[in-house]
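# Fold and contact review
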Amino acid sequence: MKILILWDVFGRTGRRMVTENIGALRAKYAPDFMIANSENITGGKWPIEKHVEAMKDLGFDILTGGNHVFSNLKDSGNIFSDPRSIQIRPANYCEHQDYPIPGKGWKIVEKNGQRLLVINLMSSTFMHDSLDNPFQYIEKFLSGLTETYDAIVVDFHRETTAELVNMAHFLDGQVAVVYGTHTHVQTNDERIFPKGTGMITDLGMTGALWSSIGHTFESRLPSLLTGTRLFGPKAEQVIGEGILTGIFVEIQAGKCIHIEKIRIQE
Ligand SMILES: [Fe+2]
């Protein structure tokens, strides 16, 4: 099984980078499945239905999310309620019977007789949302799983590097790939753990190259210079030269046998 995973598609420049490069990437890697993230896909914010559908039309099988995924539910259409939607969100929100959380945190995609399970986790450390412990959540999820699958991919949306490498060790041999997302900076530590789990601490960002993780420097600098929130930050996306990052993985018998970083810079 071959999977192409692109990360965090940020705003208009991110969408353009995907559209312009996906043909060559598909020709080079011939992936069976494609995954991307959409939490910043619409102007650096929430995914609207049109942009989720556009990614589906490009051949993406699953879109994961993160801390911005519910930023504006009123513009998200049916992407969290339609069972055919390719959009998932972090699985380990604190569910309550009286206050259901929209959407699903994991999904199985079947193609050419192969079943890929993708699950999206999120940490509470340095994040605004308070979630169930992601380590305990995935432990219970895997032990209670009744569905059949050929491979499991875990997207762990988190701020710290330590959480990701510990998650990779914790899940080694049980899942094919664990990757980190959220910092928008691709790390140089991709490897396969001893029992066959591929990992990378952060996949990076597909968006504007000359930006502060997709936003303008002008919108970010005042708060950094003064140390206060008085001056923002404001969410102004950058349109311009782009960067595209991600990974390509090959999986055999549920274990990762090859992991390769992708980085295309204009
Ligand atoms: Fe995030």
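A brief report on the enclosed structure follows.

Cut-offs applied
Residues numbered from 1 in each chain as written. Predicted model: local features only at pLDDT ≥ 70, side-chain atom pairs only at ≥ 80, totals over all residues. Heavy atoms only, no water. Donors = N, O, S within 2.8 Å, 3.2 Å for Na, K, Ca; no water. Helix = DSSP H or I, 4+ residues; strand = E, 2+ residues; numbered from the N terminus. Buried < 20%, exposed > 50% of the residue type's maximum accessible area, 1.4 Å probe, protein only. Phe/Tyr/Trp six-rings, centres within 6.5 Å; stacked < 30°, edge-to-face > 60°. Lys NZ or Arg CZ within 6 Å of the ring centre and 35° of its normal. Expected span 1.5 Å × (residues − 1). Bend = angle between axes of the 7 residues up to and from the residue. Contact = heavy atoms within 4.5 Å.

### Quick word on the coordination of the iron ion
Here the iron ion is held by Glu-39 (OE), Asn-67 (OD1), His-157 (NE2) and His-182 (ND1), and the distances to it run 2.1 to 2.2 Å. Donor residues for the iron ion sit on one chain with the sequence pattern E-x27-N-x89-H-x24-H. Pair noted here: Asn-67 is in the loop between β3 (62-64) and β4 (106-111) and His-157 is in strand β6 (residues 151-157), with a separation of 90 residues, a long-range link. You can call His-157 buried: its relative accessible area is 0%.

### Details of the packing of aromatic side chains
Going through the model one piece at a time under the given rule, you end up with eight aromatic pairs. Plain terms: the ring middles of Phe-135 and Phe-170 are 5.8 Å apart, the flat faces sit at 65° to each other, and that makes the pair edge-to-face. Of this pair, Phe-135 sits in helix α3 (residues 134-143) while Phe-170 sits in helix α4 (residues 161-171), and the two are 35 residues apart along the sequence. By relative accessible area, Phe-170 is classed as partly exposed at 33%. A network of ring pairs unites the aromatic residues Phe-70, Phe-80 and Tyr-93 as a single cluster. Across from the ring centre of Trp-106, 4.3 Å away, lies the NZ or CZ of Lys-104, which sits over that ring.

### Considerations on helix α1 (residues 11-29)
Because each turn of an α-helix spans 3.6 residues, side chains separated by three or four positions in sequence point in the same direction. Its 19 residues give α1 an end-to-end C-alpha distance of 25 Å, which sits within 8% of 27 Å, the value for a rise of 1.5 Å per residue. Of all the bends in α1, the greatest measures close to 45° and is centred on Asn-21. Gly-11, Thr-13, Gly-14, Met-17, Val-18, Asn-21, Ile-22, Leu-25 and Tyr-29 are the residues of α1 that are buried. Against β1 (2-6), β2 (33-37), α2 (49-57), β10 (207-208), β11 (242-252) and β12 (255-265) lie the buried residues of α1. Trailing α1 by a residue or two, Ala-30 shows a phi angle of about 45°, which is positive.

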